[in-house]
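Understanding the architecture of this molecule
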Amino acid sequence: MTHNAVEHTTENPAEAADHTAGRTPKTPLTLLGLGAMGTALGRAWLAAGHPLTVWNRTAARAEALAAEGATVAASAAEAVAANGLVVVCLLDDDSVEQALADADLTGRDLVNLVTGTPGQARDRAAWAAARGARYLDGGIMAVPPMIGVPEAGAYVFYSGSAELFERHRTTLAAPAAVRWVGEDPGHAALHDVALLSAMYGMFAGAAHAFALIGEEDVTPSSLAPLLADWLAAMAPAVHQTAAQLESGDYTLGVVSNLGMQVAGVPTFLRTAEEQQVSPELLSPYFELMRRRLETGSAGEDLVGVVDLLRR
Ligand SMILES: NC(=O)c1ccc[n+]([C@@H]2O[C@H](COP(=O)([O-])OP(=O)(O)OC[C@H]3O[C@@H](n4cnc5c(N)ncnc54)[C@H](OP(=O)(O)O)[C@@H]3O)[C@@H](O)[C@H]2O)c1
C-alpha cells in the first residue's frame, strides 16, 4: 500500500500549479474515516481538485483513494497535522473521541460529519474548543452514491460558527450542497435526526401497506408506484402543520378533521385483522389521535398529537 509523505508546507505542488495557471488554488484538507461515506466524500474532493490527506483505522481501505491521488497519513495525528481543515466521517461519536485522542487540534478547523445527537454535537464543540480547534457540525442528507453527483440532490446540514462555515463553504460544497442552520452546533444534528425520524415514520406506514396486500392478488410492484405518488401528494401537509403550530390555531385550514379521522380508525384496525396483519406500527399513532380527541376538539387537525409527544 502507498504511504505518500504528508505535506506540512502551506502550498503543495497542486496549489503551485494552480497559481502558475492563474486558477484559484483549491483548499487542501484532511479526511478521517474511509468507510462508505468517507470514501465517497474523499473521491468528490479529489475530483474537484482539492489536495487531500486521508487516514483510516484499517489502512487497506485507503488504497482506492491513494490510487486517485490522496496522500495517506500513517496516523490520525499525522493526518490532522497535515492541514488546517480536518473533516471527520467516522462511525459514531465514540470513534471520534478514540481516533483523535492523540491528535493536536490546536488551530485546526474541525468539521464533524458523524451522525449524532444535538447534545453530542454541542459536547463535541466544547471538547474541540478546549483543545484549541474551531468546530462545525454536519448532518449528511444523502447516501454514498449521491455524493459528488450534483443532480442527485444530496446536501449536508451545517451548524456552528457562521464565520467558519463561510470560510470553508466552497470546499464543503464540493461533495454535496450545503445548508447552514445556525450558530448552535447541535442544530445540524437536530435537523438531520428530525428529517430521518419522519422518514422512518414513512417507512413504517409503507411496511404496513405492503403487509396488508401480502396474501392478495396485488403485487408489491403494482402497489409501489401508487404508494410513492400518494406519499408525495400528502407530504406538503407538513406546511399546514407548521402554520397551525405557529399560530396556535389547530383548526386553521382543516380539511380532514380529527373527529372524522378517529371515527375511521376501526376501519384500519379491522382491515389489519382481516388481512392478518399486526397493527403494532399504526396503533401508537391511533392511540395518540384518540387521546387528543378527549382533550381537544373534533374540528382540529391532527397537529395536537405533537403536544402529546412533547414531555
Ligand atoms: N452510509 C450512509 O448512507 C450514510 C448516510 C448519512 C450519514 N452517514 C454517516 O456517515 C458516518 C460514516 O458512515 P459510513 O457509511 O462511512 O460507515 P462505515 O462504512 O461503517 O465506515 C465507518 C468508518 O468508521 C471507522 N471507525 C469505526 N470505529 C472506529 C474507531 N473506534 N476508531 C477509528 N475509526 C473507526 C471505520 O474504520 P475501519 O475501516 O477501520 O472499520 C470506517 O472508516 C456515520 O456517522 C454515518 O451515520 C452515513
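Just so we're clear, the structure is a prediction, and the values are computed from it rather than from any experiment. (Residues numbered from 1 in each chain as written. Predicted model: local features only at pLDDT ≥ 70, side-chain atom pairs only at ≥ 80, totals over all residues. Heavy atoms only, no water.)

Thoughts on the site of the ligand
The local shell around the ligand holds 22 residues, among which Asn56, Thr58, Arg61, Gln98 and Thr115 are the closest. Within the contact set of the ligand, an oxygen atom lies 2.8 Å away from a side-chain nitrogen or oxygen of Arg61. Within the backbone of Leu91, an N or O atom sits 2.9 Å from an oxygen atom of the ligand. Secondary-structure elements contributing two or more residues to the shell around the ligand are α2 (36–47) and α5 (93–99). Residue contributions to the shell around the ligand peak at three residues, all from α2. Split by residue class, the shell around the ligand holds twelve nonpolar, eight polar and two charged. (Near = heavy atom within 4 Å. Polar contact = N/O pair within 3.5 Å; in protein donor to acceptor, adjacent residues only side chain to side chain. Helix = DSSP H or I, 4+ residues; strand = E, 2+ residues; numbered from the N terminus. Nonpolar A, V, L, I, M, F, W, Y, C, P; charged D, E, K, R; others polar.)

So, the side chain of Ser95
Tracing the backbone shows Ser95 in helix α5. Residue classification places Ser95 among the buried residues on the basis of a relative accessible area of 17%. At 3.4 Å, the side chain of Ser95 forms a polar contact with the backbone nitrogen of Leu91. (Buried < 20%, exposed > 50% of the residue type's maximum accessible area, 1.4 Å probe, protein only.)

Some points on the packing of aromatic side chains
Inspection of the entire model under this criterion finds five aromatic pairs. Ring centres of Tyr155 and Phe157 lie 5.0 Å apart, and the angle between their planes is 90°; on these two criteria the pair is classed as edge-to-face. You'll find Tyr155 and Phe157 in the same group, each marked buried. Summarising the aromatic geometry, the rings of Tyr158 and Phe165 are spaced 5.7 Å apart at their centres and angled 40° between planes, so their arrangement reads as tilted. (Phe/Tyr/Trp six-rings, centres within 6.5 Å; stacked < 30°, edge-to-face > 60°.)

Some thoughts on the pairing of strand β8 (residues 177–180)
Relative to β8, strand β7 (residues 155–160) is paired through four bridges, and the arrangement is parallel. Its bridge partner being in β8, Phe157 is matched across the sheet by Arg179. Since β7 and β8 lie parallel, the crossover through helix α7 (residues 162–172) that links them has a hand, and here it is right-handed. (Pairing = 2+ DSSP bridges. Right-handed = clockwise from strand over helix to strand, strands pointing away.)

Notes on the packing of helix α8 (residues 187–212) against helix α9 (residues 220–234)
For the pair α8 and α9, the least separation of the axes is 11 Å and the interaxial angle reads 145°. Where α8 crosses over α9, the two elements pack in a sense that is right-handed. Between α8, through Met202, Ala206, Ala209 and Phe210, and α9, the contact on the second element is made entirely by Pro220, Leu223, Ala224, Leu227 and Leu231. Broken down by class, the residue content of the contact of α8 with α9 amounts to nine nonpolar, no polar and no charged. (Axes fitted to C-alpha atoms, helices over the stretch in contact; angles between N-to-C directions. Left-handed = near helix turned anticlockwise from the far one by under 90°. Contact = heavy atoms within 4.5 Å.)

Section: the sheet that holds β8
For sheets, the rule is that strands pair by backbone hydrogen bonds, running either parallel or antiparallel. Taking strand neighbours across the sheet as the criterion, the eight strands line up as β3-β2-β1-β4-β5-β6-β7-β8 in an open arrangement whose pairing is mixed. The two strands at the open ends of the sheet, each matched to only one other strand, are β3 (71–72) and β8. Sitting on the sheet, α7 is in contact with β1 (29–32), β4 (85–88), β5 (109–112), β6 (134–141), β7 and β8, with an inclination near 50° to β6. Relative to the sheet, α8 contacts β6 and β7, its axis offset from that of β6 by approximately 10°.

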